[in-house]
Amino acid sequence: PKIQAIIEKAKIYYIASFFLTVSPPSAMEVAKHAAENDKIFSMNLSAPFLCQFFKDPLMELMPNIDLLFGNESEALAFAEHTAGWEERDIAEIAKKIAQLPRAEGSKKERQVVITQGADATIVATPSGVTTYDVPKIAKEELVDSNGAGDAFCGGYLSQLCFGADVAQCVEAGHYSAGVVIRNSGCVFPGEPQFGK
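Residues numbered from 1 in each chain as written. Predicted model: local features only at pLDDT ≥ 70, side-chain atom pairs only at ≥ 80, totals over all residues. Heavy atoms only, no water.

Student: It is not clear to me how the pairing of strand β5 (residues 119–125) should be interpreted in this structure. Could you clarify?
Tutor: Remember that side chains alternate between the two faces of the sheet whenever the strand is regular. Where burial is concerned, most of β5 is hidden: five out of the seven residues are buried. Inspection of the sheet shows strand β4 (residues 111–116) paired to β5 by four bridges, in the antiparallel sense. Following the sheet pairing, I114 is matched in β5 by I122. Hairpin connection, β4 to β5: the antiparallel pair is bridged by two residues, and G117 has positive phi, about 60°. Two elements, β5 and strand β6 (residues 128–132), share five bridges in a ladder whose sense is antiparallel. Each bridged residue has a counterpart across the sheet, and for T125 the counterpart in β6 is G128. (Buried < 20%, exposed > 50% of the residue type's maximum accessible area, 1.4 Å probe, protein only. Helix = DSSP H or I, 4+ residues; strand = E, 2+ residues; numbered from the N terminus. Pairing = 2+ DSSP bridges.)

Here it is in structure tokens:
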């Protein structure tokens, strides 16, 4: 009951694909709740092997995913192992994922956000692709990339919670990832300076 109350109250849900290794039915329950209540269900592809070995639960969940995050390696793995596509262009893969069928009655276009390290971040919808340049970071400032993708998702979603547009969400994702990769371990030291 306590967990159910939290689920009911939330407006945006986020899971990593790792969850599909444990309880796909739980992920589906939350995804269906989001769809039935016009809330946002987001997911991170998380790792290339998940696209290969957990493709069935991933594809069962896909119609309910409103916002999908991943990196270029995960996008390529999705194309090859999950969808069986020959496409290798990351922007085209993102667009094709965005165009996959939605759950019956879904009112939202799926958005697919693919990060590519220092290369432009791709945001795709069924109707097109937009790229966002990643702020340059001096090589000597790069310390540890572990957690950069998760930090990006956190930054993106933080602004989505406030109703920001896609460009602002991506900017917050880039900021968060930029802070994390400048530190050892997945840490966010001090007070965030985003938007100040």
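Next comes the rest of the write-up.
Student: Hey, could you run me through a nonpolar patch on the surface in this one?
Tutor: Together, F18, F49 and F53 make up an exposed nonpolar region whose accessible area comes to about 330 Å². Its place among the elements puts F18 in the loop between β1 (12–16) and α2 (24–36). (Patch = residues over 30% accessible without salt bridge, like charges linked within 9 Å, V, L, I, M, F, W, Y side chains within 5 Å. Areas by Shrake-Rupley, 256 points an atom, 1.4 Å probe, with all protein chains shown as cover. Salt bridge = Lys/Arg side-chain N within 4 Å of Asp/Glu carboxyl O.)

Student: In this structure, what is going on with the packing of aromatic side chains? I would like to understand it.
Tutor: Note on aromatic pairs: each is described by the distance of the centres and the angle between the planes. Counted by the stated rule, this structure contains seven aromatic pairs. Taking 6.1 Å as the distance between ring centres and 40° as the angle between the ring planes, the aromatic pair formed by F152 and Y156 counts as tilted. Placement of both F152 and Y156 in helix α7 (residues 148–160) is noted, with a separation of four residues, approximately one turn of the helix. When the centroid spacing of 5.6 Å and the interplanar angle of 45° are considered together, the rings of Y175 and F194 count as tilted. Here F194 lies in the segment after α8 (166–180) and Y175 lies in helix α8, a separation of 19 residues in the sequence. You can call Y175 partly exposed: its relative accessible area is 22%. (Phe/Tyr/Trp six-rings, centres within 6.5 Å; stacked < 30°, edge-to-face > 60°.)

Student: How do you make sense of the sheet that holds β4 when you look at a structure like this?
Tutor: Within a beta sheet, neighbouring strands are joined by backbone hydrogen bonds and run either parallel or antiparallel to one another. On the basis of which strands lie adjacent, the open sheet formed by six strands has the order β1-β2-β3-β4-β5-β6 and mixed pairing. Strands with a single pairing partner mark the edges of an open sheet, and in this sheet they are β1 and β6. Adjacent strand axes in the sheet meet at a mean angle of 15° when their direction is disregarded. (Axes fitted to C-alpha atoms, helices over the stretch in contact; angles between N-to-C directions.)

Student: Teacher, can you tell me more about the packing of α7 against α8 here?
Tutor: In a packed pair of helices, the relevant descriptors are the angle between the two axes and the axis-to-axis distance. Packing of α7 against α8 leaves a shortest axis separation of 7 Å and a crossing angle of 145°. Along this stretch, α7 crosses α8, giving a crossing that reads as right-handed. Seen from α7, the contacting residues are A148, A151, F152, G155, Y156, S158, Q159 and L160; seen from α8, they are V166, Q168, C169, V170, A172, G173, H174, S176, A177 and V180. Classifying every residue of the contact of α7 with α8 gives eleven nonpolar, seven polar and no charged. (Left-handed = near helix turned anticlockwise from the far one by under 90°. Contact = heavy atoms within 4.5 Å. Nonpolar A, V, L, I, M, F, W, Y, C, P; charged D, E, K, R; others polar.)

Student: Would you mind going over unusual backbone geometry with me for this structure?
Tutor: Apart from glycine, the bulk of residues carry a negative phi angle, and the bulk of peptide bonds sit in the trans form. The phi angle at D38 is positive, at roughly 55°, despite the residue not being glycine. Among the residues examined, D38 registers a relative accessible area of 46% and is labelled partly exposed. In this model, S46 sits at a positive phi of 75°, which is unusual for a non-glycine residue. Here S46 is to be found in the loop between β2 (40–44) and α3 (48–53).

Such coordinate-based values are descriptive only and should not be taken to indicate function.
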